[in-house]
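Read off the chains here:
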Amino acid sequence: MHVQVLKRFAMHPPHGVRLTLVVPEALAWYSGMVPGLVARQVAPRDLAIDAVPLARRADATVILAAATGLDPETRQIALSGGRPPLRYDVASFDIGATVLGDDLPGVREHALRTRPLSRLVAALDAADARLAGLGRAPRVVVVGAGAAGVELACALRARLARASPPP
Ligand SMILES: Cc1cc2nc3c(=O)[nH]c(=O)nc-3n(C[C@H](O)[C@H](O)[C@H](O)COP(=O)(O)OP(=O)(O)OC[C@H]3O[C@@H](n4cnc5c(N)ncnc54)[C@H](O)[C@@H]3O)c2cc1C
């Protein structure tokens, strides 16, 4: 969502305002196209948005770190990686969704979690290699069936359709 905000700031720069973007990774992934990536219909570069040039156009400073805390009294945001805290007058938060239940036994080790999207993209390739070595039809289970879960089920079927034997 902040991609849209940055674009707006680039189009209509506010006067006398210093903008800072705090984000752990420069690349933001457009989730609406993730099922297409899973199904191999699009390449990673088609859905990756590089926040750095966008921020530059909006005249914003980029800090590649995660926000780890907020002190509303002193108006400071704590940052990861031992960076000094960042002072603010106005802070806008949009740190996205996380997967519920990833602390259940086995989930972190064995499941392909949809968040963060950057990790899903990398984990898919590792899963391909694992499934190719199975020597039998892979069995895929999708946990959580909102619209995105259903989309992912269809996309995984399309991705694995060429597996031998098919899933
Ligand atoms: C497979 C799939 C398909 C989907 N398809 C659609 C669709 O077609 N249409 C639709 O409307 N929605 C879709 N969704 C839902 C959609 O992904 C979310 O609603 C949307 O991403 C929310 O946008 P956001 O900007 O809030 O979060 P995100 O896009 O997740 O962005 C959050 C950002 O915050 C950063 N961040 C995280 N933690 C920190 C921190 N501590 N400090 C600083 N930065 C941090 C992340 O790196 C990321 O850049 C889909 C979801 C999935 C999983």
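Since the structure is predicted, the reported quantities are computational estimates derived from the model, not experimental observations. (Residues numbered from 1 in each chain as written. Predicted model: local features only at pLDDT ≥ 70, side-chain atom pairs only at ≥ 80, totals over all residues. Heavy atoms only, no water.)

Student: I'd like a rundown of the domain arrangement of the protein chain, residues and numbers included.
Tutor: Parsing the protein chain into structural domains produces domain 1 (2-87) and domain 2 (107-160). For domain 1 versus domain 2, the distance between C-alpha centres works out to 27 Å. In this assembly, nine residues from domain 1 lie in contact with 13 residues from domain 2. Around 1,000 Å² of area is buried between domain 1 and domain 2 when both sides are counted, 71% of it from carbon and sulfur atoms. Summed over the three residues of domain 1 that lose the most area to domain 2, namely W29, V38 and R40, the buried surface amounts to 48% of that side. Here domain 1 and domain 2 share one salt bridge between them. Note that D128 is salt-bridged to R40, the shortest N-O span being 3.0 Å. Run the count over domain 1 and domain 2 and you get three residue pairs in polar contact (both at pLDDT 80 or more). Top contributing element to the side of domain 1 that touches domain 2 by residue count: helix α2 (residues 34-38), with four residues. Considering only residue class, the side of domain 1 that touches domain 2 consists of six nonpolar, one polar and two charged. (Domains from an automatic or database assignment. Contact = heavy atoms within 4.5 Å. Buried area = accessible area lost by both parts, 1.4 Å probe. Salt bridge = Lys/Arg side-chain N within 4 Å of Asp/Glu carboxyl O. Polar contact = N/O pair within 3.5 Å; in protein donor to acceptor, adjacent residues only side chain to side chain. Helix = DSSP H or I, 4+ residues; strand = E, 2+ residues; numbered from the N terminus. Nonpolar A, V, L, I, M, F, W, Y, C, P; charged D, E, K, R; others polar.)

Student: So what about the sheet that holds strand β7 (residues 86-87)? Which residues, and what values?
Tutor: A sheet is described by the order of its strands in space; here three strands give the open sequence β5-β6-β7, paired in antiparallel fashion. Among the strands making up the open sheet, the edge pair consists of β5 (67-71) and β7. Note that strand β6 (residues 76-79) and β7 share two bridges and pair antiparallel. Bridge pairing in β7 links I77 to L86. (Pairing = 2+ DSSP bridges.)

Student: How would you explain the pattern of salt bridges if you had to name every residue and give the values?
Tutor: Side-chain pairing between opposite charges can occur once the charged atoms of the two side chains come close. For the structure on display, the rule yields five salt bridges. Here the residues in one salt-bridge network are R40, D125, D128 and R159, joined through shared partners.

Student: Describe the site of the ligand, and please don't skip the residues or the numbers.
Tutor: Near the ligand you find 16 residues, and of these M1, S31, A67, D94 and R115 are the closest. Interatomic distance of 2.8 Å between a backbone N/O atom of A67 and a nitrogen atom of the ligand. D94 has a polar side-chain atom sitting 2.6 Å from an oxygen atom of the ligand. Those elements giving two or more residues to the shell around the ligand turn out to be β1 (19-23) and α7 (147-160). Take the shell around the ligand: its biggest share by element is three residues, from α7. Across the shell around the ligand, the residue classes break down as nine nonpolar, four polar and three charged. When residues of the shell around the ligand are sorted by domain, at least three fall in each of domain 1 (2-87) and domain 2 (107-160). (Near = heavy atom within 4 Å.)

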